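Now for the letters of each chain:
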Amino acid sequence: MGLLDGKVAIITGAGGGLGRCHALLLAKEGAAVVVNDLGGSRDGKGGSSSMADQVVKEIQAAGGQAVANYDSVATVAGGENICKTAVDAFGKVDILVNNAGILRDMTLIKTDEASWDIVVQVHLKGTYCVTRPVFTHMKERGQGGVIVNTSSTSGLIGNFGQCNYGAAKAGIAGFTRCLALEGKKYGIRVWGLAPVAVTRLTEDLPGMGSDQVKEALGPDKVSPAVLYMVSDLSKDKTGKFLFAGGTKVAELKIVASEGVKNPKGVTAQDIAANEDKVFLPDVPFNMMG
């Protein structure tokens, strides 16, 4: 018995890296999988059916069920067709993992409008385009479901040279928190994932290229967290964000300090005099430990 027997999952960007590992694990646990991938380069150029087809073959060779889809997540029509592919092939959608993404890393001064727009379009708009028809299907079907949106520590914590990517990923985080509230009445659980892994998108980033790091931060080490989120193991949890990478899984959340109050209204001087209550201590998040 698998944890996902009888379930149907859509995974976007599943032709390689994290998405491929998610697809293989969810299929191993019994889910029928729609493997979506446009098959383009990591900066969003080009397209090919070969990446999605290869993952489908891997799943089928292991005895699982899968079909390929090559639509772009960045259009409403593409998102609707991704959902339609699942319903046509398997009759329903129980799980959606929004994983598709691209990188065009550069400092803000070097970021032209095209490099801003395409990153926001694929990540943030793409999450909307795929989620809306799937969420609608889940609501109308009345059997609930689980949606996992891939955010990033770049959006939740920050990272140099990723203003476009970080802004899109922070937008996904806000989308996730709001959608989790909307989904509660329909039994639709919504999660945020902040993964760290060496993939073709990240392998040439500073500190990610060594064999030791590649082994420690393999994308397969993130997928068990996804399996936990989309299975009954996580019970009724929703609206939460998990960091997952290497040997660590941890919840990431926004917290508030004690703060300062003044019945007559807080002044700038009040804030300056009570900084120990207004500001939380700076404790760097250790991704590896």
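Residues numbered from 1 in each chain as written. Predicted model: local features only at pLDDT ≥ 70, side-chain atom pairs only at ≥ 80, totals over all residues. Heavy atoms only, no water.

Moving on, we come to the overall build of the chain. A count of helical and extended segments in the chain gives 10 helices and eight strands. Here the C-alpha coordinates of the chain stretch approximately 65 × 45 × 35 Å along the principal axes. Per-residue burial for the chain yields a buried fraction of 45% across its 289 residues. Counting only contacts in the chain whose residues sit at least 6 apart along the sequence, the fraction spanning at least 24 positions is 69%. In the form shown here, the chain has an accessible surface area of approximately 14300 Å², with 54% of it arising from carbon and sulfur atoms. The distance from the centre of the 30 positive side-chain charges to the centre of the 29 negative ones in the chain is 5 Å. (Helix = DSSP H or I, 4+ residues; strand = E, 2+ residues; numbered from the N terminus. Buried < 20%, exposed > 50% of the residue type's maximum accessible area, 1.4 Å probe, protein only. Contact = heavy atoms within 4.5 Å. Areas by Shrake-Rupley, 256 points an atom, 1.4 Å probe, with all protein chains shown as cover. Lys, Arg positive; Asp, Glu negative; His and termini not counted. Charge placed at Lys NZ, Arg CZ, Asp CG, Glu CD.)

There is a patch of nonpolar side chains on the surface, built from V266, I271 and F279 and spanning about 270 Å² of accessible area. By the element assignment, V266 lies in the loop between β8 (248–252) and α9 (268–273). The class of V266 is partly exposed, set by a relative accessible area of 43%. (Patch = residues over 30% accessible without salt bridge, like charges linked within 9 Å, V, L, I, M, F, W, Y side chains within 5 Å. Salt bridge = Lys/Arg side-chain N within 4 Å of Asp/Glu carboxyl O.)

Okay, the sheet that holds strand β4 (residues 95–98) next. What links the strands of a sheet is backbone hydrogen bonding, and the strands pair in either a parallel or an antiparallel sense. The strand order across the open sheet built from eight strands is β3-β2-β1-β4-β5-β6-β7-β8, with neighbouring strands paired in mixed fashion. Either end of the sheet is taken by a strand with one partner, and the two such strands are β3 (66–69) and β8. Taken over all neighbouring pairs, the strand axes of this sheet differ in orientation by 20° on average, direction set aside. Sheet topology note: the strand β6 (residues 188–195)/strand β7 (residues 241–245) ladder contains four bridges and is parallel. Bridge pairing in β7 links P195 to A244. (Pairing = 2+ DSSP bridges. Axes fitted to C-alpha atoms, helices over the stretch in contact; angles between N-to-C directions.)

Right, let's talk about the packing of helix α4 (residues 113–141) against helix α6 (residues 163–183) for a bit. The N-to-C vectors of α4 and α6 enclose an angle of 15°; their axes lie 8 Å apart at closest approach. By the angle between their axes, α4 is roughly parallel relative to α6. Note that α4 runs across α6; the crossing there is right-handed. Residues S115, W116, V119, V120, H123, L124, T127, Y128, T131 and F135 of α4 form the contact with α6, whose participating residues are C163, N164, Y165, A167, A168, K169, G171, I172, F175, L179, E182 and G183. Looking at the contact of α4 with α6 residue by residue, the classes come out as 13 nonpolar, seven polar and two charged. (Parallel < 35°, antiparallel > 145°, perpendicular 65-115°, else oblique. Left-handed = near helix turned anticlockwise from the far one by under 90°. Nonpolar A, V, L, I, M, F, W, Y, C, P; charged D, E, K, R; others polar.)

Two aromatic rings are characterised by how far apart their centres lie and by the angle between their planes. Taken as a whole and assessed by the stated rule, the structure comprises two aromatic pairs. With a centroid separation of 6.2 Å and 85° between ring planes, the pair formed by F135 and Y186 is classed as edge-to-face. Within this pair, whereas F135 is found in helix α4, its partner Y186 is found in the loop between α6 and β6, the two being separated by 51 residues in sequence. F135 sits in the buried class, given a relative accessible area of 11%. Judged by relative accessible area, which is 25%, Y186 ranks as partly exposed. Seen in terms of ring centroids, W191 and Y228 are 6.0 Å apart; in terms of plane orientation they differ by 70°. Their pairing is edge-to-face. Highlighted residues: W191 in strand β6 and Y228 in helix α8 (residues 223–230), separated in sequence by 37 residues. The exposure class assigned to W191 is buried, which follows from its relative accessible area of 1%. (Phe/Tyr/Trp six-rings, centres within 6.5 Å; stacked < 30°, edge-to-face > 60°.)

On the secondary structure map, N149 appears in strand β5 (residues 145–150). Here N149 falls in the buried class, since its relative accessible area comes to 0%. Here the side chain of N149 touches T176 through a polar contact of 3.0 Å, side chain to side chain. Residues contacting N149, with those up to four places away along its chain left out, are N98, T127, T131, I172, F175, T176, V190, W191, G192 and L193. (Polar contact = N/O pair within 3.5 Å; in protein donor to acceptor, adjacent residues only side chain to side chain.)

With that settled, the discussion passes to the packing of helix α3 (residues 76–90) against α4. The axes of two packed helices give the description: the angle between them and the distance between them. Between α3 and α4, the least distance of the axes is 7 Å, while the angle of their chain directions is 40°. One finds that α3 runs oblique with respect to α4. Viewed along their axes, α3 and α4 form a crossing whose handedness is right-handed. Here V76, G79, E80, I82, C83 and V87 of α3 come into contact with α4, specifically with Y128, C129, V130, P133, V134 and H137.

Here the focus is the environment of G161. On the secondary structure map, G161 appears in the loop between α5 (153–156) and α6. Of the residues examined, G161 reaches a relative accessible area of 13% and is grouped as buried. Distance in space between the C-alpha atoms of G161 and D94 is 36 Å, their sequence separation being 67 residues. Excluding anything up to four places from it in sequence, G161 contacts D105, M106 and T107.

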